[in-house]
Every structure is written in structure tokens, then in C-alpha cells.
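# Structure assessment
Read off the chains here:
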Amino acid sequence: AKVRGGNTYAWADDDGERGAAGRRLQVETALRSAVERGELSVVFQPIIGFEDEGVVAVEALARWTHPDLGAVPPDEFVPIAEQTGLIHGIGAFVLAAACAALPALAERHGPGLQLAVNVSAQQLHDPGLPRRVAEILTAHGISPDRLALEVTETALLSVDAGTATTVEGLDAMGVRIVLDDFGTGYSSPTLLKRHPIAAIKLDRSFVDGIPDERDDVAIVTALVGMAKGLGLLIVAEGIETPEQFAVLRDLGCDRAQGYLVGRPGALTDPPDVTAA
Ligand code: C2E
Ligand code: MG
Ligand code: MG
Ligand code: MG
């Protein structure tokens, strides 16, 4: 590799291993100053109740547009942020930006609107997280019971006795913990028993196979049965078709999210809530 000076790297083989490593380094370098340069923003995707079909919550999703790299998707920059520790600053930015937008979103969707924000394993390992979350909520005058933090099964698996107090502290504050991408990790009932989980989000990979894949229907039926038995709320994510919506509603899911219901949008966009 030739270093051209500054942050610009040129690679002999752009699509091989070294190309990927070059891109990784470029993204990491750019990500270091993304928050302070105001390159990050947050979009919101509606979550509706299956029964009355009104918007009950919005999920905040991070967006990053870099002047040279363009739009970098979260599936690319979030893992890098996690590996470099940048996720703490990015997570705080997303939470604060989402809280700042909540009053305007609630004006659009109703005063009880809940806010869902994704958090990574590294954030759960930070014993200062509950205090930081409380500070941001207080600064924006938002009651903790309006906030849900979405964590993945793998993130929760990495929570040991030493860091469990972080999750418990958030729960004690009244913040809800939601298990995201449910079914893709270990889906261990022990996780649901051990931690104060309020809701699960069925992963899009199962929703994709509905109604045609019998296995997916069987898996969703079983997961819904387990969640219901444990008194958890069930959110189905990635719903793209009316057929998926109807089947998931009939299987007993409580809430719906996906392109059919509405795409993620900026606060300044017109509301995108398709009647499902
Ligand atoms: P997630 O939390 O499971 O979010 C759902 C993802 O599915 C979002 O992708 C959303 O735009 C997309 N999606 C929603 N409905 C549909 C649909 O009907 N069809 C399809 N094909 N996709 C749909 P996005 O915004 O690209 O985010 C990807 C992942 O990045 C998120 O998955 C989450 O794990 C992570 N992420 C995003 N923002 C943050 C953040 O602020 N903090 C952390 N730690 N992770 C974040
Ligand atoms: Mg999520
Ligand atoms: Mg998910
Ligand atoms: Mg995901």
C-alpha cells in the first residue's frame, strides 16, 4: 500500500483482502470525527399495534454520511464503532438526538409515543450507562418509561455477573429492555429468565419466509408461544407484505414494524405510515 499522506490511502488491489482492509481503515479514521463534524443523524421507523394499527413507538436508527465516503450503512460502521470504542460516543449522540426529536414525533403520532434506541454490548458493559441515560432523559424532560433500549441476544449473553447491574439499573429506572433480532442468536430461555426483558423482536429472517416457508411459520409460532407464556410483548420486524402482516397478527404478535408499515424517515420527512 502507498500512503498518499493525510487520510488518503491507495491500494494496489482494490477488491482483495487489502482493499477491504483499506476501506476498514478509511471508515475507522473517518468515524473518529463523525460525531464532532455533525455527520451523524437519526431516522425513525414507526412501530404500530397489530390491533388498532396506530403508531405506538418509533425506533431510532443511526445514519452516517461522510463527505467523501457518502452514506455508510450502520451494518458497516456500527461493528467498527464497537471494536474501536467509538460506540459510546455514537450511542450517546443517537440517544440525545432521538430524545430531542421525541416531542415533535409525539405531536405527529400521539402523546404516549415510545422511543426505541439500539445499544451495543460494549455500552451494556459500561457501569456508567444507567446514569448517562438518566442524564439525557432528564435533560430532555422524558420519562424513563417511554424509552426502550434494544439489545441483541449476543450482547446480553456477554453480560456477566459484573455487568448485569447495568441492565438491572436501567430496568430499575423504568427503562424497558427489548431483545432485538430474536431467534438469530442463542434464543436461550435462560436469557429471558435471567434478565428483565420486556419485549422481544422477532428477527426479519423468519418474517421473510412467511407465509411460504413452513419452518419459519413453525419457528415463529413456537417463539411467540414462549414469549407469551413469559408475559413478554412481541414485535415482528421486517414486515414487507400484507400476507406477512396478516399471518403475524393471527399468530399473536403484538406490534408490527417494517417497510409495509413505514420506512425509516427523518423528522423533517412527511410521515410515512402506510395503513397495513
Ligand atoms: P435493527 O436494530 O434490527 O434495525 C432494523 C433494521 O432493519 C434497520 O436497518 C431497518 O432500516 C431495517 N428494516 C426495517 N424494516 C425493514 C423491512 O421491512 N425490510 C428490510 N429489508 N429491512 C427493514 P438499518 O437502519 O440499516 O440498521 C441496521 C442495524 O444497525 C440495526 O438493526 C442495528 O442493529 C444497527 N444500528 C442502527 N442504528 C444503531 C445505533 O444507533 N446503535 C447501535 N448500537 N446499533 C444501531
Ligand atoms: Mg433494533
Ligand atoms: Mg432487529
Ligand atoms: Mg439487526
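What counts, and at which threshold
- Residues numbered from 1 in each chain as written.
- Chains lettered and ligands numbered in written order.
- Predicted model: local features only at pLDDT ≥ 70, side-chain atom pairs only at ≥ 80, totals over all residues.
- Heavy atoms only, no water.
- Donors = N, O, S within 2.8 Å, 3.2 Å for Na, K, Ca; no water.
- Helix = DSSP H or I, 4+ residues; strand = E, 2+ residues; numbered from the N terminus.
- Buried < 20%, exposed > 50% of the residue type's maximum accessible area, 1.4 Å probe, protein only.
- Contact = heavy atoms within 4.5 Å.
- Near = heavy atom within 4 Å.
- Polar contact = N/O pair within 3.5 Å; in protein donor to acceptor, adjacent residues only side chain to side chain.
- Nonpolar A, V, L, I, M, F, W, Y, C, P; charged D, E, K, R; others polar.
- Axes fitted to C-alpha atoms, helices over the stretch in contact; angles between N-to-C directions.
- Parallel < 35°, antiparallel > 145°, perpendicular 65-115°, else oblique.
- Left-handed = near helix turned anticlockwise from the far one by under 90°.
- Pairing = 2+ DSSP bridges.

## Some details on the coordination of the magnesium ion (ligand 3)
Distances from the magnesium ion (ligand 3) to its protein donors, D180 (OD), D181 (OD), E237 (OE) and E237 (OE), fall within 2.1 to 2.6 Å. Positions of the donor residues of the magnesium ion (ligand 3) along the chain correspond to the pattern D-D-x55-E. Between the magnesium ion (ligand 3) and the magnesium ion (ligand 2), the interatomic distance is 4.1 Å, and D180 donates to each metal, bridging them. Residue D181 is located in strand β8 (residues 176-182), and its partner E237 is located in the loop between β10 (233-236) and α11 (242-250); the two are separated by 56 residues in the primary sequence. Using a relative accessible area of 25% as the deciding quantity, one classes D181 as partly exposed.

## Comments concerning the side chain of E237
On the accessibility criterion, E237 (12% relative accessible area) is buried. Among all residues touching E237, those that are not within four sequence positions of it are D180, D181, K201, L202, D203, R204, V207 and Q257.

## A word on the site of ligand 1
What surrounds ligand 1 is a group of 24 residues, the closest being N118, S120, D180, E240 and Y259. Q45 places a side-chain nitrogen or oxygen 3.0 Å from a nitrogen atom of ligand 1. Take D180: an N or O atom from its side chain is 2.9 Å from an oxygen atom of ligand 1. Residue assignment for the shell around ligand 1 shows that the elements contributing at least two residues are β4 (55-66), α2 (74-84), α3 (87-109) and β8. Residue contributions to the shell around ligand 1 peak at four residues, all from β4. When its residues are assigned to classes, the shell around ligand 1 shows 10 nonpolar, five polar and nine charged.

## As for unusual backbone geometry
Of note, the bond from I210 into P211 is cis; its omega dihedral lies within 30 degrees of zero at 10 degrees. Considering the arrangement of structural elements, one finds P211 in the loop between α9 (204-208) and α10 (214-229). Not every positive phi belongs to a glycine, and E53 is a case in point at roughly 60 degrees. In this fold, E53 is placed in the loop between β3 (40-49) and β4. Positive phi values are uncommon outside glycine, yet D181 reaches one of about 50 degrees.

## A look at the packing of α3 against helix α5 (residues 129-139)
Where α3 contacts α5, the axes come no closer than 9 Å and their chain directions differ by 25 degrees. Classified by the interaxial angle, the pair formed by α3 and α5 is roughly parallel. Of the two elements, α3 crosses α5, and the hand of that crossing is right-handed. Residues A92, L95, A96 and C99 of α3 touch α5, and the partners they reach there are V133, I136 and L137. For the contact of α3 with α5, a count of residues per class yields seven nonpolar, no polar and no charged.

## Topic: the packing of α5 against helix α7 (residues 164-173)
Where α5 contacts α7, the axes come no closer than 8 Å and their chain directions differ by 30 degrees. Accordingly, the angle class assigned to the pair α5 and α7 is roughly parallel. From α5, L129, P130, V133, A134 and L137 reach across to α7, where they touch T166, G169, L170 and M173. Here the residues of the contact of α5 with α7 sort into seven nonpolar, two polar and no charged.

## Quick notes on the pairing of β3
The two faces of the sheet receive side chains in turn, since in a regular strand these alternate between them. For β3, the buried fraction is high: nine of the 10 residues fall into the buried class. Where β3 meets β4, nine bridges bridge the pair, whose relative direction is antiparallel. Pairing of L40 across the sheet is with W64, part of β4. Counted between consecutive antiparallel strands, the loop separating β3 from β4 contains five residues, among which E53 sits at a positive phi close to 60 degrees. Across two bridges, the pairing between β3 and strand β11 (residues 255-256) is antiparallel. By the bridge assignment, G49 is partnered in β11 with R255.

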